[in-house]
Amino acid sequence: MTVLVVALVGACGTAPPLPRDRYYSLAPDVQAPVAGQRVAAILQVNDLAARGFLGGRQILYRFNDQPLVVERYETYLWEEPVPRAFAAVLVSAIRDAGVFRHVLIPADPAKPDLLLGGEVERFEHRPTDAPPRVSAKLSLSLVRTDDRRSLWTRQYSGDEPVSADTPDAMAEAFNRLAGRLAAEVTRDLISLGAKLGPRTGS
């Protein structure tokens, strides 16, 4: 009996296991066209800005009945903060499309002719929408480095349905949406290319 009581007390005092953090990558497959000719200029893509929780790693969500309140999942996180990760997505997409002679990141030593930067304004899960979805919005601008003249400013936004009530499905929807927005940015830069100066063969 004494052994049984001790075992029960020990069981009651055991805390449940803590949920494990789950990290997700923002690394979409971007389906963008390839530029016919490269712009003879060097583009630098800066890390994007973000306000509040968007600058961290926790995945954000918003309930339909509380549209002014943004909250954070405790255990669902991005491997990299969204502003930095989305900038990397843009770098990869623009390089693959062959829009510019070179595409740099801020750590590269070369001097760029053009700067692409901006802000992630929304990147969140909407689990109580019908159907559940993820939503994103970002603003971008292209600036010449010699005179700081703005050549181009755009806003991009979109939504993507979440196929199942699981964190993996949520992350997959975020990646589909990011890939679609990066493709839109790349297509716009290709269209703008003829106005940016001399071009070289691909």
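Residues numbered from 1 in each chain as written. Predicted model: local features only at pLDDT ≥ 70, side-chain atom pairs only at ≥ 80, totals over all residues. Heavy atoms only, no water.

Participant: Explain the side chain of glutamate 160 to me, using residue names and the numbers behind them.
Facilitator: Along the chain, glutamate 160 turns up in strand E9 (residues 150-161). At a separation of 2.6 Å, a polar atom in the side chain of glutamate 160 contacts the side chain of arginine 180. Those residues in contact with glutamate 160 that lie beyond four places of it in its chain are Arg133, Val134, Ala173, Arg176, Leu177 and Arg180. (Helix = DSSP H or I, 4+ residues; strand = E, 2+ residues; numbered from the N terminus. Polar contact = N/O pair within 3.5 Å; in protein donor to acceptor, adjacent residues only side chain to side chain. Contact = heavy atoms within 4.5 Å.)

Participant: Please set out the pairing of strand E4 (residues 58-61) residue by residue, giving values where relevant.
Facilitator: Successive side chains on a regular strand alternate, one facing one side of the sheet and the next facing the other. Pairing geometry for E4 and strand E5 (residues 71-78), over three bridges, is antiparallel. Bridging from a neighbouring strand, tyrosine 61 pairs with glutamate 71 of E5. As paired strands, E4 and strand E7 (residues 114-126) are joined by two bridges and run parallel to one another. Looking at E7, one finds that tyrosine 61 is bridged to histidine 125. (Pairing = 2+ DSSP bridges.)

Participant: Provide a residue-level description of unusual backbone geometry, including the pertinent values.
Facilitator: For the bond from alanine 130 to proline 131, the omega torsion is 0°, close enough to zero to count as cis. If you check the backbone angles, arginine 148 has positive phi at about 60° while not being a glycine. Tracing the backbone shows arginine 148 in the loop between strand E8 (133-144) and E9. Note on arginine 148: relative accessible area 59%, which makes it exposed. (Buried < 20%, exposed > 50% of the residue type's maximum accessible area, 1.4 Å probe, protein only.)

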